[in-house]
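Working through the structure, step by step
For reference, the chains in residue letters:
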Amino acid sequence: MGPLWVKAMLSKPQIHRKTAVWAVSIIVSGTGLAWAGHTAWVAYETWGTPTCSWPVQVRGTANLAQTGLIRCYLRALAHRDTAGLMAVAADIPPVRITKADLKYSVDARAGLATATFDGGPVDPNIYGVTITYANGATENTGMMNMIAMGGPSGWRMNIGTVVNPGPGIPTAAPGSSS
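Since the structure is predicted, the reported quantities are computational estimates derived from the model, not experimental observations.

**Comments concerning the overall build of the chain**
- Check the secondary structure of the chain and you find four helices and seven strands.
- When its helices and strands are written in sequence order, the chain yields α-β-α-α-β-α-β-β-β-β-β.
- By residue count, 31% of the 178 residues in the chain fall in the buried class.
- If you take every contact in the chain between residues at least 6 apart in sequence, the share linking residues at least 24 apart comes to 52%.
- Split by element, the accessible area of the chain, about 11000 Å² in all, is 63% carbon and sulfur.

Put into structure tokens, the structure is as follows:
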């Protein structure tokens, strides 16, 4: 069988191999748990708000939900997707998307836009957003957490034309196309 030290040497690699397998298993499990935790946190942060993948540079203070909403807005605008715009529109009171809401669609396709958030200085549920498109066009718009209108939590863009304006509900400015 050979000397005792040979047996000892042959058994050590097996111990190192088991340790390496455990270490790799722990690292893989830890990475999976970290990814799952991050995914769960993003889902919690953006709950109730549509989020999309679209290139945009963000300036100012914005959370994941607000940034995701701007991405969805720009994507729908660039594709002239009225259903997508309805999905991001504040719908209390009910609105419809018109040609006026597609005004910046060519600009949205021009390249990387920059969205600057004003930080909601008066009300944390209402933010002003200035979007500067790659071709130099600028759009001043806003977004609100629907809690501000008595709805469920979720951010939406202040776009669209009110469908049936009732007393005291502002409509589109005179002269704007609807």
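**Thoughts on the sheet that holds strand 3 (residues 113-117)**
- Read across the sheet, five strands follow the order 1-3-4-5-6 without closing on themselves; strand pairing throughout is mixed. One side of each edge strand has no neighbouring strand; the edge strands of this open sheet are strand 1 (56-59) and strand 6 (155-157). Averaged over all pairs of adjacent strands, the angle between their axes in this sheet comes to 25 degrees, without regard to strand direction.
- By the bridge criterion, seven bridges tie strand 4 (residues 126-132) to strand 5 (residues 138-145) in an arrangement that is antiparallel. Residue pairing in the sheet places Ile-126 in a bridge with Met-144 of strand 5.

Here is what the cut-offs are and how they apply
- Residues numbered from 1 in each chain as written.
- Predicted model: local features only at pLDDT ≥ 70, side-chain atom pairs only at ≥ 80, totals over all residues.
- Heavy atoms only, no water.
- Helix = DSSP H or I, 4+ residues; strand = E, 2+ residues; numbered from the N terminus.
- Buried < 20%, exposed > 50% of the residue type's maximum accessible area, 1.4 Å probe, protein only.
- Contact = heavy atoms within 4.5 Å.
- Areas by Shrake-Rupley, 256 points an atom, 1.4 Å probe, with all protein chains shown as cover.
- Pairing = 2+ DSSP bridges.
- Axes fitted to C-alpha atoms, helices over the stretch in contact; angles between N-to-C directions.

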